[in-house]
Amino acid sequence: MTVANNLAQIQETIKKACSSSGRDPENVTIISVTKYVSLEKTKEAIEAGIHHIGENRLEGALEKWEAFQGQAGFHFIGSLQSKKVKHLVGKYDYYHSLDRLSLAKELQKRCPENQKLQCFVQVNVSGEASKAGLAPEETIDFIKQLKNYPAIQVIGLMTMAPFKEDPEDTRPVFRRLRHLRDKIRELRLEHAPCNELSMGMSNDFHVAVEEGATYIRLGSTLVGRE
Ligand SMILES: *Cc1c(COP(=O)(O)O)cnc(C)c1O
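Residues numbered from 1 in each chain as written. Predicted model: local features only at pLDDT ≥ 70, side-chain atom pairs only at ≥ 80, totals over all residues. Heavy atoms only, no water.

J.: I keep staring at helix H6 (residues 136–145) and nothing clicks. Help me out?
T.: For an α-helix the count is 3.6 residues per turn, leaving residues at separations of three or four pointing the same way. Along H6, the residues classified as buried are Pro-136, Thr-139, Phe-142 and Ile-143. The arc that holds the buried residues of H6, viewed along the axis, is 95°, so those residues lie on one side. For H6, exposure combined with an orientation more than 90 degrees from the buried face picks out Glu-137 and Asp-141. On its buried face, H6 sits against strand E4 (94–98), helix H5 (101–110), strand E5 (117–122), strand E6 (152–158) and helix H7 (171–186). (Buried < 20%, exposed > 50% of the residue type's maximum accessible area, 1.4 Å probe, protein only. Helix = DSSP H or I, 4+ residues; strand = E, 2+ residues; numbered from the N terminus. Arc of directions from axis to C-beta. Contact = heavy atoms within 4.5 Å.)

Structure, rendered in structure tokens:
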């Protein structure tokens, strides 16, 4: 299967999920997660019409950025160690795993003056010990504290659902993230418009879209694994 074929199928699935939930497919952005694949495969994705690239490790992140800067938006989706921030700021456009003030402080320190970093606050909705992110009940307080770091713009929330045989079982996780997003949005915080939801991966993105995902992060189903 070519990436273009996979993309056509994925877009069909997104359309169906949008029509069953009264949404506009225009509001769902696909991030092509290229952590499993080569530069050639990444190029194929861009040529197929992908405008957003996601990476979760520093090395791969820099390699893909060097090769394709200017041709896509770049999303750092992995858990981010503070010492790696300086290598990414100025290159990566979006940070999906903001979950502690020490990381906010480092992002602030490395960000050029008067620029903003578009961040998602990561929430561990399912409470699995192996997953990063804040507990839902800590999230609002955390976001309020981010006001002290003017470089940080909280554009939305991100979560990783637990893997389930039946993707339908992930629905409560996505729904809870949406409700939390709605609550934060209602606060009308200038530093945290929080309009976006980064949720849904290869196995469960149709459910995430039905529950309001605005960014879906697709690896294996889009570009495969090499
Ligand atoms: C790897 C990864 C994905 C994509 O995983 P697939 O199941 O291959 O779609 C999405 N989000 C994060 C944070 C990842 O690390």
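Don't stop here, the text continues.
J.: How should I be thinking about the pairing of strand E2 (residues 52–55) in this particular structure?
T.: It is a general feature of regular strands that their side chains alternate between the two faces of the sheet. Here E2 shows a buried face lined by His-52 and Gly-54 and a second buried face lined by Ile-53 and Glu-55. The sheet contact formed by strand E1 (residues 29–33) and E2 spans two bridges and is parallel. Directly across from Val-33, in E2, lies its bridge partner Gly-54. Each parallel crossover has a hand, and the one from E1 via helix H2 (residues 39–47) to E2 is right-handed. Bridge count between E2 and strand E3 (residues 73–76): four bridges; the pairing is parallel. Pairing of His-52 across the sheet is with Gly-73, part of E3. (Pairing = 2+ DSSP bridges. Right-handed = clockwise from strand over helix to strand, strands pointing away.)

J.: I would appreciate a short explanation of the site of the ligand in the present structure.
T.: In the neighbourhood of the ligand, 13 residues make up the surrounding shell, with Lys-35, Ser-202, Arg-217, Gly-219 and Ser-220 lying closest. Side-chain polar atom of Ser-202 to an oxygen atom of the ligand: 2.5 Å apart, as the coordinates give it. One of the backbone nitrogen or oxygen atoms of Ser-220 is found 2.8 Å away from an oxygen atom of the ligand. Burial of the ligand by the surrounding chains reaches 92%, relative to a free accessible area of 390 Å². (Near = heavy atom within 4 Å. Polar contact = N/O pair within 3.5 Å; in protein donor to acceptor, adjacent residues only side chain to side chain. Areas by Shrake-Rupley, 256 points an atom, 1.4 Å probe, with all protein chains shown as cover.)

J.: What is the right way to read H5 from this model?
T.: Taken together, the buried positions of H5 are occupied by Leu-103, Ala-104, Glu-106 and Leu-107. Seen from one end, H5 has its buried residues packed into an arc of 165°, which puts them on one side. Residues of H5 that are exposed and angled more than 90 degrees away from the buried face: Lys-105 and Lys-109. In the core, the buried residues of H5 are packed alongside helix H4 (85–88), E4, E5 and E6.

J.: Is there a simple way to think about a positive patch on the surface in this case?
T.: A cluster of basic side chains, namely Lys-83, Lys-86, Lys-105 and Lys-109, defines a positive patch on the protein surface. Inspection of the secondary structure puts Lys-83 in the loop between E3 and H4. Taking the relative accessible area as the measure of exposure, Lys-83 reaches 58% and is therefore exposed. (Patch = residues over 30% accessible without salt bridge, like charges linked within 9 Å, V, L, I, M, F, W, Y side chains within 5 Å. Salt bridge = Lys/Arg side-chain N within 4 Å of Asp/Glu carboxyl O. Lys, Arg positive; Asp, Glu negative; His and termini not counted. Charge placed at Lys NZ, Arg CZ, Asp CG, Glu CD.)

J.: So what exactly am I meant to see when it comes to the pattern of salt bridges here?
T.: Opposite charge on two side chains permits pairing when their charged atoms draw close. As enumerated under the stated definition, the model contains 15 salt bridges in all. In this structure, the salt-bridge partner of Glu-44 is Lys-41, at a minimum N-O distance of 3.6 Å. Taken together, the residues Glu-44 and Lys-41, both in helix H2 and three residues apart, mark about one turn of the helix. For Glu-44, a relative accessible area of 27% corresponds to the partly exposed category. For Arg-171, the salt bridge is made with Glu-168, and the minimal N-O distance between the two is 2.6 Å. Put simply, Glu-168, Arg-171, Arg-175, Arg-178, Glu-210 and Glu-211 are held in one network by salt bridges that share partners.

J.: Just checking my understanding: could you explain the pairing of E6 for this structure?
T.: Of all the seven residues making up E6, seven are buried; the element is thus mostly covered by neighbouring parts of the structure. Bridging between E5 and E6 involves six bridges; their strand directions are parallel. What sits directly across from Phe-120, in E6, is Gly-156. In this region the chain leaves E5, passes through H6 and returns to the parallel neighbour E6; the handedness of that crossover is right-handed. Pairing geometry for E6 and strand E7 (residues 196–198), over three bridges, is parallel.

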